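# Working through the structure, step by step
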Amino acid sequence: MNKISPRLTLFALAINAFAIGSTEFISVGLLPMIVKSFNISLSQAGLTVATVTGVPLGTFIGQQTSWNMSFIFIATVGLIGLIADYFLIPKSLPIPGKVDLHGFIRIFTNKPLVLSFLITAFGYGGTFAAYTYLSPLLEGVGFSANAIVIILVIYGVMVAIGNTLGGRFANTNPLNSLIKMFELLMTTLLFLFVAVLANNGILTLLASILLGLFAFMNVPGLQLYVVQLAEKYVPNDITLASALNIAAFNIGITLGSFIGSSVTDTLSVIYTPLFGAIVVIIAIVLILFIRNDRQSVSDVIPEENK
């Protein structure tokens, strides 16, 4: 690999982060208009699927050609996306008002909203403790590099299915639906840990596919719950609250990846799914705490579902 300036690399990453943030902000701006969880799942599905399919696709291109071609491909897709945005984004979108700095105070002094951000970070982050190291886990049980690329693409398809199903399930009662989704995710992570520990390729493959199904099923429910809380407690800061929840997703990715890295360095990559499950358990405990706190759930969960 040719020597690349670290400053240039950091600058490129900053530009990429700005682009992603801008895209998410536009999507978040639409959320109050499409508050139904299924619609939220559609608005967020693109980024979610791109996150988990871009990695294997970029790896495949790099393996077949060179690492430079991966970035050229990304730039080409980005240009196509830019052209598509010009034609597909409605010209009549409402222009969001200026962010009120006092909104940060109102949001971060509201216990239900702060707890919901923590649920997002831990629930979403638990997945990445294992997903970040899914390739070496699969390699460790005997899968080749080419087979792993195919498995990760299948994983991405399952993510799209899970995200859509999660949007439908969370429509009526997001909090209770999130508990079930996180329980399924926790069980799958434990299943993956046992499969890898047993060095069983078939079970590891099955667990990986199930992980794709359940890993991001919670995204629409998490976003819907925050929007509902914002409508109740901070109606003037709904867009800001939604954007902060998106930030919590990204913090979760960083947290999960850091935990996975620490576990790999101190124990073994085999234990990353186990610690991912522990992180998800924290999210489940927080949801149970919120559900038992009438201040957090009052008027947010429909009366017949309490």
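The following refers to the structure shown. The structure presented is a predicted model; accordingly, all values stated were derived computationally and were not measured.

Moving on: the overall build of the chain. A count of helices and strands for the chain gives 13 helices and zero strands. In sequence order, the chain lays out its α and β elements as α-α-α-α-α-α-α-α-α-α-α-α-α. The burial tally for the chain puts 41% of its 306 residues in the buried class. Of the contacts formed within the chain by residues at least 6 apart in sequence, a portion of 79% connects residues at least 24 apart. For the chain, the exposed area adds up to about 15700 Å²; of that, 70% sits on carbon and sulfur atoms.

Time to look at the pattern of salt bridges. Tallied over the full model, the rule gives one salt bridge. Across the pair Arg 106 and Asp 237 runs a salt bridge, and its minimum N-O distance is 2.7 Å. With Arg 106 in helix α4 (residues 101-108) and Asp 237 in the loop between α10 (219-233) and α11 (238-266), the pair connects residues that are 131 residues apart, well separated along the chain.

Glancing now at the packing of helix α5 (residues 111-131) against helix α8 (residues 174-197). Two elements in contact, α5 and α8, have axes whose closest approach is 11 Å; the angle formed by their N-to-C orientations is 20 degrees. As far as their axial angle goes, α8 and α5 are roughly parallel. Taken as a pair, α5 and α8 cross one another with a handedness that is left-handed. Contact with α5, carried on its side by Ile 119, Gly 123, Gly 126, Thr 127 and Ala 130, involves Phe 182, Leu 185, Leu 189 and Leu 192 of α8 and no other residues of that element. Here the contact of α5 with α8 is built from residues that sort into six nonpolar, three polar and no charged.

About the thresholds
- Residues numbered from 1 in each chain as written.
- Predicted model: local features only at pLDDT ≥ 70, side-chain atom pairs only at ≥ 80, totals over all residues.
- Heavy atoms only, no water.
- Helix = DSSP H or I, 4+ residues; strand = E, 2+ residues; numbered from the N terminus.
- Buried < 20%, exposed > 50% of the residue type's maximum accessible area, 1.4 Å probe, protein only.
- Contact = heavy atoms within 4.5 Å.
- Areas by Shrake-Rupley, 256 points an atom, 1.4 Å probe, with all protein chains shown as cover.
- Salt bridge = Lys/Arg side-chain N within 4 Å of Asp/Glu carboxyl O.
- Axes fitted to C-alpha atoms, helices over the stretch in contact; angles between N-to-C directions.
- Parallel < 35°, antiparallel > 145°, perpendicular 65-115°, else oblique.
- Left-handed = near helix turned anticlockwise from the far one by under 90°.
- Nonpolar A, V, L, I, M, F, W, Y, C, P; charged D, E, K, R; others polar.

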